[in-house]
Amino acid sequence: MTAKPAAIAVQTFRVPPQRVYDAILSPEMIARFMFGPLLREEEILHIRNDPRVGGEFSYKVRRGKDEIDHIGTFLELVPPKCIVFTWTIAPEKDGSTVIIDITPAPEGCSVRLIHEMAPAWAGFVDRARGAWEKMLGVLATLL
């Protein structure tokens with residue numbers, strides 16, 4: 001079996017793991033570190049989040065004339081260590097999987113994000129890595 005293409009981003013934080021875990025799931029923080037003016041020119045239409053195993057999310061933005069709805073389902077939530085969810089753009093149903101591992105470190109914690117994609121998206125790995133690195137960097141600055 002061939003490994004799925006994956007974008008991997010790592011970021012250190014100077015705050016405890018629980019603070020990072022909570023921020024990653026907070027609609028208010030998602031609207032600041034994943035979307036909006038700190039990252040790119042776009043209008044946030046809604047951030048809906050049901051952070052429980054089986055819960056779904058919808059993060060909808062307008063970029064130029066395009067409305068993009070990032071949707072997924074939470075597969076695993078282990079506070080403050082791990083968050084796993086599916087990730088796709090509506091109306092697609094088959095997406096990718098994002099695994100976020102949060103590890104304690106002497107001065108805070110480290111986050112390792114792995115975005116596993118279908119083989120058809122292999123050419124998107126570098127772009128996805130850059131996007132996740134930027135988002136995690138913004139989150140580190142905010143916290």
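Above this text you will find the structure in question.
Residues numbered from 1 in each chain as written. Predicted model: local features only at pLDDT ≥ 70, side-chain atom pairs only at ≥ 80, totals over all residues. Heavy atoms only, no water.

Section: the side chain of H46
Test applied: Helix and strand assignments come from DSSP, with helices taken as H or I runs of at least 4 residues and strands as E runs of at least 2, each series counted from the N terminus. Pairs of N or O atoms within 3.5 Å make up the polar contacts considered here, provided that, within protein, one atom can donate a hydrogen while the other can accept it, and that residues adjacent in sequence are counted only when both atoms are side-chain atoms.
Along the chain, H46 turns up in strand β2 (residues 43-49). Within polar-contact distance, the side chain of H46 engages the side chain of S58 at 2.7 Å.

Let's talk about the pattern of salt bridges
Operational definition: By convention in these notes, a salt bridge is any Lys or Arg side-chain nitrogen within 4 Å of a carboxyl oxygen on Asp or Glu. Relative accessibility thresholds used throughout: buried, under 20% of the residue-type maximum; exposed, over 50%; partly exposed, between the two (1.4 Å probe, protein chains only).
What the rule picks out here adds up to 8 salt bridges. Of the charged contacts in the structure, one is a salt bridge between E107 and R14, with a shortest N-O distance of 2.7 Å. With E107 in the loop between β6 (96-105) and β7 (108-116) and R14 in the loop between β1 (6-13) and α1 (17-25), this pair connects stretches of sequence that are 93 residues apart. The pair E107 / R14 is uniform in exposure class, with both members exposed. In this structure, R63 engages E42 in a salt bridge whose closest nitrogen and oxygen atoms are separated by 2.5 Å. One end of the pair, R63, is in strand β3 (residues 56-63); the other, E42, is in the loop between α2 (27-33) and β2, with 21 residues separating them in the sequence. Owing to a relative accessible area of 26%, R63 belongs among the partly exposed residues under this scheme. Three or more residues joined by partner-sharing salt bridges are found here, namely E43, K60, R62 and E67.

Concerning the packing of aromatic side chains
Rules: Note on aromatic contacts: the rings of Phe and Tyr and the six-membered ring of Trp form a pair at centre separations within 6.5 Å, being stacked when their planes are under 30 degrees apart, edge-to-face when over 60 apart, and tilted otherwise.
Within this structure, the stated rule accounts for 10 aromatic pairs. Measuring from ring centre to ring centre gives 6.0 Å for F57 and W87, while their planes differ by 40°; the resulting arrangement is tilted. Taken together, the positions of F57 in strand β3 and W87 in strand β5 (residues 82-89) put the pair 30 residues apart, joining distant regions of the chain. Its relative accessible area of 4% is what places F57 among the buried residues. Taking the relative accessible area as the measure of exposure, W87 reaches 13% and is therefore buried. Taking the centre distance of 6.5 Å and the plane angle of 55° together, the rings of Y59 and W87 count as tilted. Of this pair, Y59 sits in strand β3 while W87 sits in strand β5, and the two are 28 residues apart along the sequence. A relative accessible area of 3% places Y59 in the buried class. Taken together through their ring pairs, the aromatic side chains of F35, F57, Y59, F74, F85, W87 and W132 make up a single cluster.

With respect to the environment of L38
To keep things clear, this is the line we draw: When checking whether two residues touch, look at their non-hydrogen atoms; a contact exists if any pair is within 4.5 Å.
Inspection of the secondary structure assignment puts L38 in the loop between α2 and β2. In contact with L38, not counting residues within four places along its chain, are R32, K134, V138 and L142.

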